[in-house]
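# Secondary and tertiary structure notes
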Amino acid sequence: MSLNSGAASVVSTLNETPRTLDARTRELLAESALLTEQWCEQCTRKPKGGMEEWAKDNRPGNADDCAWYHGTWQYLRLLDMVAVPDWHREFYHEALGKILRRKPNANVLISACADYGMLAMLHEAMGLTGATPKIVIYDICKTPLLSCQWYAKRHGIAIETKCDNIITNPIPEAPFDLIVTDEFFTVLKAEYKPLITNKWKQLLKPGGSAVTVAMLGSETTPELRRSYAERARQLLEASNGNFLSGQNEQQTEAVIDRFVTFAELHTRHMVTSENEVHSLLSSFDDVTVRRITTPGECVNPTDSFQIVATLAERK
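These lines cover the structure that appears in this document, whether it is placed above or below. For every chain, the first residue of its written sequence is number 1, and the numbers climb from 1 along that sequence. Totals for whole chains, interfaces and linings use every residue, but because this is a predicted model, local features are given only for residues with pLDDT of at least 70 and side-chain atom pairs only at 80 or more, for both listing and counting. Calculated side-chain values reflect all of the structure's heavy atoms, with hydrogen atoms and water omitted.

Quick look at the overall build of the chain now. Per the secondary structure count, the chain includes eleven helices and seven strands. Contacts between residues were defined by any pair of non-hydrogen atoms, one from each residue, lying within 4.5 Å. Taking the contacts inside the chain whose residues are at least 6 apart along the sequence as the reference set, 80% of them involve residues at least 24 apart. Surface accessibility of the chain: about 13500 Å² in total, with carbon and sulfur atoms responsible for 51%. For the purposes of this entry, the term helix denotes a DSSP run of H or I that reaches at least four residues, the term strand denotes a run of E that reaches at least two, and both are numbered from the N terminus. Where accessible areas are quoted, they stem from the Shrake-Rupley method and a 1.4 Å probe; at the residue level, only the protein chains shown are allowed to cover.

In structure tokens:
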């Protein structure tokens, strides 16, 4: 695939949204990108569930494991092109900080993750509050759990990780004071969304909260997929010096090929309205939903909902 493109197009692409990566985040991503490719070799083949489910159902033979997804995620994060907790740093600091100040030894569940990003955001909130929560991380795939273990070891954080289906299987570490996850709603097909909110309610203590975000949108069309891959290629070409230093042209081409595959297979099941969010969380006693504009993935920028759903304390 050619790396040539028009300078005006590149400038336009780069100026679409402000970049959100700080130097420390970029350093961690650059180091973990190559490691994640290795971790994908331990991927658990999943008959159902996970971000790969749509691809397995609609592109048979192209998504047998998570390599196209998790193995490309860090490269796209370096271009700020996938939805991550960093896009909502102020919200997470506020929401998690409020809970951790009240319950510094909280029992916390990270309810699925693409990589260590949600753990890193929780770690930031821990630093701001001085809290030392007990953390368990569940995901249906081993790759993001290995990523979390890598981050936790680097930063001296005690965590437990479990590779299991959160929706269908028991969670013996419950009940939790806090459940946190980033964009899990948009990973799940419509029929799964109410199942996870019901499960969160079952797993929370009285007074416990679920904290998350969800992008607003519609179907991922073929045109959106093509434009996403092209934008990723342009950004990589324009910022290669700050992307992965020392990459030769062949390695760069391989990463671009990854972007094309990712764009073809990656499918969000967006929430369609604020009413849908409230309906999904109607069994909670207090729900706050804030709509903001953030960077986006295929649609850039996009609107997202920042959500805190809380159960009442027992009297």
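So, next bit.
Moving on, we get to helix α4 (residues 70-78). Taken across its nine residues, α4 has nine buried, putting it largely inside the fold. All buried positions along α4 are accounted for by His-70, Gly-71, Thr-72, Trp-73, Gln-74, Tyr-75, Leu-76, Arg-77 and Leu-78. As for α4, its buried residues are in contact with α2 (23-39), α6 (117-129), α7 (142-155), α9 (222-239) and α10 (249-265). Once α4 ends, the next one or two residues include Asp-80, with phi positive near 60 degrees. For every residue, the accessible area (1.4 Å probe, protein chains only) is compared with the maximum for its type, and the residue is labelled buried under 20%, exposed over 50%, or partly exposed between those bounds.

Once that is clear, we can look at the environment of Thr-252. With respect to the element layout, Thr-252 can be found in helix α10. Each C-alpha atom, one on Thr-252 and one on Arg-233, is 9.7 Å from the other, the two residues being 19 residues apart in sequence.

It is worth spelling out the nonpolar core at this point. Among buried residues, the Ala, Val, Leu, Ile, Met, Phe, Trp, Tyr and Cys ones that are joined through side-chain atoms within 4.5 Å form a nonpolar core. Counting residues in each nonpolar core, the largest one holds 99 residues, and the members touching the most others are Tyr-92, Leu-96, Ile-110, Val-180, Phe-185 and Val-211. Broken down by element, the residue count for this core peaks at seven residues, all from α6. Not counting chain neighbours up to four residues away, the residues in contact with Val-211 comprise Phe-91, Tyr-92, Ala-95, Leu-96, Ile-99, Leu-178, Ile-179, Val-180, Thr-181, Ile-307 and Val-308. Grouped together as the second largest cluster of nonpolar side chains are five residues, Cys-40, Cys-66, Ile-140 and Cys-141 included.

Walk down a regular strand and you will see the side chains alternate between the two sheet faces. In terms of residue burial, strand β7 (residues 302-310) counts as a mostly covered element, since eight of its nine residues are buried. Between any two strands, pairing holds if DSSP finds at least two bridges. Bridge count for strand β5 (residues 204-215) against β7 is seven bridges, and the pairing is antiparallel. Residue Ser-209 lies in a different strand from β7, and its bridge partner there is Thr-310. One ladder, built from nine bridges, connects strand β6 (residues 286-294) with β7; its direction is antiparallel. Residue Ile-292 lies in a different strand from β7, and its bridge partner there is Ser-304.

Pairs of cysteine sulfur atoms within 2.5 Å are what we label disulfides. Counted by the stated rule, this structure contains zero disulfides. A disulfide-free cysteine, Cys-113 has its sulfur positioned 3.8 Å from the sulfur of Cys-148, the nearest such atom. The cysteine Cys-141 is free of any disulfide, with Cys-66 supplying the nearest cysteine sulfur at 3.7 Å.

Attention shifts here to the pairing of strand β4 (residues 176-180). Counting buried positions over the five residues of β4 gives five, a clear majority of the element. Where strand β1 (residues 107-111) lies against β4, three bridges are found, and the strand directions are parallel. Paired with Val-108 across the bridge in β4 is Leu-178. When the strands point away from the viewer, a crossover counts as right-handed if the route from the first strand across the helix to the second turns clockwise. For the handedness criterion, the β-α-β arrangement of β4, helix α8 (residues 193-203) and β5 is classed as right-handed.

Now for the packing of aromatic side chains. Aromatic rings from Phe, Tyr and Trp, with only the six-membered ring used for Trp, were paired whenever their centres fell within 6.5 Å, and each pair was classed as stacked if the ring planes differed by under 30 degrees, edge-to-face if by over 60, and tilted otherwise. Going through the model one piece at a time under the given rule, you end up with eleven aromatic pairs. When the centroid spacing of 6.4 Å and the interplanar angle of 50 degrees are considered together, the rings of Trp-73 and Phe-262 count as tilted. Of this pair, Trp-73 sits in helix α4 while Phe-262 sits in helix α10, and the two are 189 residues apart along the sequence. Like Phe-262, Trp-73 is buried.

A side chain of one charge can pair with a side chain of the opposite charge when the charged atoms of the two come close. The term salt bridge refers to a pairing of a side-chain nitrogen on Lys or Arg with a carboxyl oxygen on Asp or Glu at a separation within 4 Å. Evaluation of the coordinates by the stated rule reveals 18 salt bridges. We note a salt bridge from Arg-291 to Asp-303, for which the minimum N-O separation is 2.9 Å. Of this pair, Arg-291 sits in strand β6 while Asp-303 is found in strand β7, placing the two residues twelve residues apart along the sequence. Members of the salt-bridge network, linked through shared partners, are Arg-77, Asp-86, Arg-89, Asp-115 and Glu-124.

Where helices are involved, their axes are fitted lines through C-alpha atoms of the stretch in contact, as for all axes, and angles between N-to-C directions lie from 0 to 180°. In the contact formed by α4 and α10, the axes pass within 10 Å of each other and the chain directions differ by 110 degrees. Comparing their axes, α10 and α4 come out roughly perpendicular. Counted together, Gly-71, Thr-72, Trp-73, Tyr-75 and Leu-76 of α4 and Val-255, Arg-258, Phe-259 and Phe-262 of α10 form the full contact between these two elements. Note on residue classes: Ala, Val, Leu, Ile, Met, Phe, Trp, Tyr, Cys and Pro are nonpolar, Asp, Glu, Lys and Arg are charged, and everything else, Gly too, is polar. Grouping the amino acids of the contact of α4 with α10 by side-chain chemistry returns six nonpolar, two polar and one charged. Throughout, the term roughly parallel applies to angles under 35 degrees, roughly antiparallel to angles over 145, roughly perpendicular to angles from 65 to 115, and oblique to all others.

Glancing now at unusual backbone geometry. In the segment running from Ala-174 into Pro-175, the intervening peptide bond is cis, with an omega of 10 degrees. In this fold, Pro-175 is placed in the loop between β3 (159-163) and β4. The omega torsion of the bond from Asn-300 to Pro-301 falls at 0 degrees, within 30 degrees of zero and hence cis. Along the chain, Pro-301 falls in the loop between β6 and β7. If you check the backbone angles, Asp-80 has positive phi at about 60 degrees while not being a glycine. Topologically, Asp-80 is positioned in the loop between α4 and α5 (89-102). Relative accessible area serves as the criterion here: at 4%, Asp-80 is assigned to the buried category. Within the chain, Glu-183 stands out as a residue other than glycine whose phi angle is a positive 65 degrees. Structurally, the position occupied by Glu-183 is in the loop between β4 and α8. Accessibility expressed as a relative area gives 2% for Glu-183, which makes it buried.

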